[in-house]
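# Breakdown of the fold
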Amino acid sequence: MSQPPQPGPHRNGDRRSRRRSGTEPLTARSDIWLRTLLSSIGVPFFAAATALFAWWAASSDSHSSPSDRVLMVLAAVCGALALGAAVDLLVLRRRRRQEREQRR
């Protein structure tokens, strides 16, 4: 049996390092280009899905299958996902700009 990973050494004055319990590096970052690609695909896809579900809900009635309420919920979920992807793109743009400024 393998043993679980032990937390790394802690610095006495660093509060963040005392709270850590994993073995990941302190400077771990996500893959910015992959997040950018996924968000760039997600925004138009979920925006189109939002419009499609909203149009479908508007042209259906409460007796059709799926009901107009279900379609409106799907439109709202897709809208929230499109908004989340758009916010992620803005965060990534700001992070890349900060990295460029730090290099100078």
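Keep in mind that what you see is a predicted model, and the values were worked out from it rather than measured.

Moving on: unusual backbone geometry. The omega torsion across Ser65 and Pro66 is -5°, close enough to zero to call that bond cis. Along the polypeptide, Pro66 turns up in the loop between helix H2 (32–59) and helix H3 (68–103).

Inspection of the entire model under this criterion finds 1 salt bridge. For Arg35, the salt bridge is made with Asp88, and the minimal N-O distance between the two is 2.3 Å. Here Asp88 lies in helix H3 and Arg35 lies in helix H2, a separation of 53 residues in the sequence. Under the relative-accessibility criterion, Asp88 is labelled buried at 17%.

Relative to the helices and strands, Arg96 resides in helix H3. One buried charge, Arg96, has no salt-bridge partner; the nearest side chain with opposite charge is Glu99, at 7.1 Å. Beyond its immediate stretch of four places on either side in the chain, Arg96 contacts Ile32, Trp33 and Thr36.

Together, Arg93, Arg94, Arg97, Arg100, Arg103 and Arg104 give the surface a local cluster of positive charge. Arg103 sits in the exposed class, given a relative accessible area of 68%.

Our focus in this paragraph is the packing of aromatic side chains. With the rule as written, the count across this model stands at 2 aromatic pairs. Here the aromatic rings of Phe45 and Phe46 are separated by 5.1 Å at their centres, their planes lie at 75°, and the arrangement is edge-to-face. Among the residues examined, Phe45 registers a relative accessible area of 53% and is labelled exposed. With a relative accessible area of 23%, Phe46 lands in the partly exposed category.

Turning next to the confidence of the model for the protein chain. With 80% of its residues at a pLDDT of at least 70, the protein chain reaches an overall mean of 84. Across the protein chain, the secondary-structure element scoring lowest on mean pLDDT is helix H1 (residues 15–19), at 55, and the one scoring highest is H2, at 95.

We now examine the nonpolar core. One broad trend across soluble globular proteins is that nonpolar side chains are buried collectively. Counting residues in hydrophobic clusters, the biggest one holds 6 residues: Ala49, Phe53, Ala57, Leu71, Ala75 and Cys78. Mapped by element, the contributors of at least two residues to this core are H2 and H3. Apart from the residues within four sequence positions on either side, Phe53 is in contact with Leu71, Leu74, Ala75 and Cys78.

With respect to the element layout, Ser39 can be found in helix H2. Those residues in contact with Ser39 that lie beyond four places of it in its chain are Ala85, Asp88 and Leu89.

The rules we used
- Residues numbered from 1 in each chain as written.
- Predicted model: local features only at pLDDT ≥ 70, side-chain atom pairs only at ≥ 80, totals over all residues.
- Heavy atoms only, no water.
- Helix = DSSP H or I, 4+ residues; strand = E, 2+ residues; numbered from the N terminus.
- Salt bridge = Lys/Arg side-chain N within 4 Å of Asp/Glu carboxyl O.
- Buried < 20%, exposed > 50% of the residue type's maximum accessible area, 1.4 Å probe, protein only.
- Lys, Arg positive; Asp, Glu negative; His and termini not counted.
- Contact = heavy atoms within 4.5 Å.
- Patch = residues over 30% accessible without salt bridge, like charges linked within 9 Å, V, L, I, M, F, W, Y side chains within 5 Å.
- Areas by Shrake-Rupley, 256 points an atom, 1.4 Å probe, with all protein chains shown as cover.
- Charge placed at Lys NZ, Arg CZ, Asp CG, Glu CD.
- Phe/Tyr/Trp six-rings, centres within 6.5 Å; stacked < 30°, edge-to-face > 60°.
- pLDDT = per-residue confidence, 0-100.
- Core = buried A, V, L, I, M, F, W, Y, C linked by side-chain atoms within 4.5 Å.

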